[in-house]
Amino acid sequence: MKVNEQQMKERQFQDLVSVGPAIERDFELMGIRGVAQLAKQNPKKMYEKLCRLTGKRQDPCVLDTFEAAVAQAVNPRLPAEKCQWWYWSRIRKARDEQK
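Attention in this report is confined to the structure presented alongside it. (Residues numbered from 1 in each chain as written. Predicted model: local features only at pLDDT ≥ 70, side-chain atom pairs only at ≥ 80, totals over all residues. Heavy atoms only, no water.)

Formed by 20 residues in total, the largest nonpolar core has its most connected members in Phe 13, Phe 27, Leu 38, Met 46 and Phe 66. Among the secondary structure elements, those contributing two or more residues to this core are helix H2 (21–29), helix H3 (35–38), helix H4 (43–54) and helix H5 (60–74). It is H5 that provides the largest number of residues to this core, a total of six residues. Here Phe 27 is in contact with Phe 13, Val 19, Ile 32, Leu 38, Met 46, Phe 66 and Ala 69, once residues within four sequence places are set aside. Of all hydrophobic cores here, the second largest spans six residues; its members include Ala 68, Cys 83, Tyr 87 and Trp 88. (Core = buried A, V, L, I, M, F, W, Y, C linked by side-chain atoms within 4.5 Å. Buried < 20%, exposed > 50% of the residue type's maximum accessible area, 1.4 Å probe, protein only. Helix = DSSP H or I, 4+ residues; strand = E, 2+ residues; numbered from the N terminus. Contact = heavy atoms within 4.5 Å.)

Have a look at this one:
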């Protein structure tokens, strides 16, 4: 079942698993103001942008949290396991091992 734009606008960052105050501040720093806007983002590009904006390499777990947040923004019915940032950590680490 597809969720319409109005339903996505009603959700808040706090409704997303793995998104706390620090990640919410990161979204704000990057100009991401709501869940509907977040749903249109690329987590890897978000991570790279945050590194540029802060002038620091962020912990890779921040990328994993962005992956979890964007996945939830796109799919409000995402399976619970995929809402956790560590699910995305396992995927990233497995992918890195194959390089």
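Having seen the model, we can carry on.
Going through the model one piece at a time under the given rule, you end up with three salt bridges. Note that Glu 48 is salt-bridged to Lys 44, the shortest N-O span being 4.0 Å. Of the two residues, Glu 48 and Lys 44 both sit in helix H4, four residues apart, roughly one turn of that helix. By relative accessible area, which is 43% here, Lys 44 ends up partly exposed. Measuring nitrogen to oxygen at the nearest pair gives 3.0 Å for the salt bridge that ties Arg 90 to Glu 81. For Glu 81, a relative accessible area of 48% corresponds to the partly exposed category. (Salt bridge = Lys/Arg side-chain N within 4 Å of Asp/Glu carboxyl O.)

Turning to the packing of H2 against H4, a few remarks are in order. Where H2 contacts H4, the two axes come as close as 10 Å, and the packing angle between them is 80°. One element, H2, and the other, H4, form an angle in the roughly perpendicular class. Where H2 approaches H4, its residues Asp 26, Phe 27 and Leu 29 are matched on the opposing element by Met 46, Leu 50, Leu 53 and Thr 54. Among the residues forming the contact of H2 with H4, the class breakdown is five nonpolar, one polar and one charged. (Axes fitted to C-alpha atoms, helices over the stretch in contact; angles between N-to-C directions. Parallel < 35°, antiparallel > 145°, perpendicular 65-115°, else oblique. Nonpolar A, V, L, I, M, F, W, Y, C, P; charged D, E, K, R; others polar.)

Now for helix H6 (residues 85–98). Helix length check: H6, at 14 residues, gives a terminal C-alpha distance of 20 Å against a target of 20 Å (1.5 Å per residue), a fit within 8%. Where H6 is concerned, the buried positions are Tyr 87, Trp 88, Ser 89 and Arg 92. On its buried side, H6 packs onto H5. (Expected span 1.5 Å × (residues − 1).)

The next point concerns the side chain of Ser 89. Relative to the assigned elements, Ser 89 resides in helix H6. Assessed through its relative accessible area of 5%, Ser 89 is described here as buried.

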